[in-house]
Amino acid sequence: MTSSLEGASTASFTSLVSPRMPDLRRYAASLTRDPVDAEDLLQETLMRAYCKFHLWQPGTNLMAWMVVMMRRIFLSKFVGPAKRASSQFQIEDCEIAVPVNQEQRVEIARVQASWPRLSHDHREVLEVVAVGGASYDEAASTLGVPVGTIRSRLGRARQSLRQLSGVH
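Below or above, wherever it landed, is the structure these notes cover. The shown structure was predicted, so the numbers you read here are calculated from the model rather than taken from an experiment.

## Quick word on the overall build of the protein chain
Then comes step 1: If you tally the helices and strands in the protein chain, you get 9 helices and 0 strands.
Then comes step 2: Element order for the protein chain, N to C, with α for helix and β for strand: α-α-α-α-α-α-α-α-α.
Then comes step 3: Restricting the contact set of the protein chain to residue pairs at least 6 apart, pairs at least 24 apart contribute 59%.
Then comes step 4: Just so you have it, the protein chain exposes about 11,500 Å², and 55% of that area is on carbon and sulfur atoms.

See below:
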């Protein structure tokens with residue numbers, strides 16, 4: 001009994017939505033301004049509409065129901081905070097927080113455990129350049145040593161940290 005109801009629902013959905021496909025496709029293209037994204041948006045809208053078809057009230061405007069659904073999907077997928085950030089800034093101009101996976105957590109813990117075992121000079125140059133983001137010239141000025149010394153200390157500090165932590 002259930003499969004015959006599902007079959008009727010699928011046939012009903014297809015017969016009602018098929019004539020509206022060109023209009024939905026145009027609307028998706030007007031939202032995304034990219035043919036690939038528009039097709040993805042259309043497919044996701046159709047999939048969601050099919051899954052929620054039991055919520056649609058016969059006699060109401062199916063096209064309006066699907067347009068609202070498409071617009072909401074568009075806003076969540078293409079205009080959400082992550083999309084806005086990537087469309088407004090060059091990747092070099094911003095820092096992106098990425099969730100840390102379990103291997104990275106272990107490596108971070110190893111580096112943290114090894115940090116106190118570094119020499120004072122190595123910790124100092126790593127803090128100023130690698131952690132603080134200072135240029136070699138700025139670090140040389142801050143630490144009162146020549147730029148060449150910063151470069152060699154930094155290289156030795158990184159190598160020492162790799163050896164102590166086992167993180168490469």
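## Observations regarding the environment of Leu-126
Then comes step 1: Structurally, the position occupied by Leu-126 is in helix 7 (residues 120–131).
Then comes step 2: What makes Leu-126 buried here is its relative accessible area of 4%.
Then comes step 3: Here the alpha-carbon distance between Leu-126 and Leu-154, two residues 28 residues apart in the chain, equals 6.5 Å.
Then comes step 4: Residues contacting Leu-126, with those up to four places away along its chain left out, are Trp-115, Leu-118, Val-131, Leu-154, Ala-157, Arg-158 and Leu-161.

## Looking at the pattern of salt bridges
Then comes step 1: Applying the stated criterion to the full structure yields 5 salt bridges.
Then comes step 2: Glu-44 is paired through a salt bridge with Arg-48; the nearest N and O atoms lie 3.6 Å apart. One end of the pair, Glu-44, and the other, Arg-48, are both in helix 3 (residues 35–51), 4 residues apart, so they sit about a helical turn from each other.
Then comes step 3: Accessibility expressed as a relative area gives 21% for Glu-44, which makes it partly exposed.
Then comes step 4: We note a salt bridge from Arg-153 to Asp-121, for which the minimum N-O separation is 4.0 Å. In this pair, Arg-153 sits in helix 9 (residues 147–165) while Asp-121 sits in helix 7, placing the two residues 32 residues apart along the sequence.
Then comes step 5: Since its relative accessible area comes to 34%, Asp-121 is described here as partly exposed.
Then comes step 6: If you follow the salt bridges from partner to partner, you end up with Glu-44, Arg-48 and Lys-77 in one network.

## Section: unusual backbone geometry
Then comes step 1: One non-glycine residue with positive phi stands out, namely Arg-33, at about 60 degrees.
Then comes step 2: Relative to the helices and strands, Arg-33 resides in the loop between helix 2 (21–32) and helix 3.

## Notes on helix 2
Then comes step 1: The first and last C-alpha atoms of helix 2 sit 16 Å apart over 12 residues, in line with the 16 Å expected at 1.5 Å per residue.
Then comes step 2: Taken together, the buried positions of helix 2 are Met-21, Leu-24, Ala-28, Leu-31 and Thr-32. Taken down its axis, helix 2 places every buried residue within 85 degrees of arc, on the same side.
Then comes step 3: Just beyond helix 2, the residue with positive phi is Arg-33, at close to 60 degrees.

Rules and cut-offs
Residues numbered from 1 in each chain as written. Predicted model: local features only at pLDDT ≥ 70, side-chain atom pairs only at ≥ 80, totals over all residues. Heavy atoms only, no water. Helix = DSSP H or I, 4+ residues; strand = E, 2+ residues; numbered from the N terminus. Contact = heavy atoms within 4.5 Å. Areas by Shrake-Rupley, 256 points an atom, 1.4 Å probe, with all protein chains shown as cover. Buried < 20%, exposed > 50% of the residue type's maximum accessible area, 1.4 Å probe, protein only. Salt bridge = Lys/Arg side-chain N within 4 Å of Asp/Glu carboxyl O. Expected span 1.5 Å × (residues − 1). Arc of directions from axis to C-beta.

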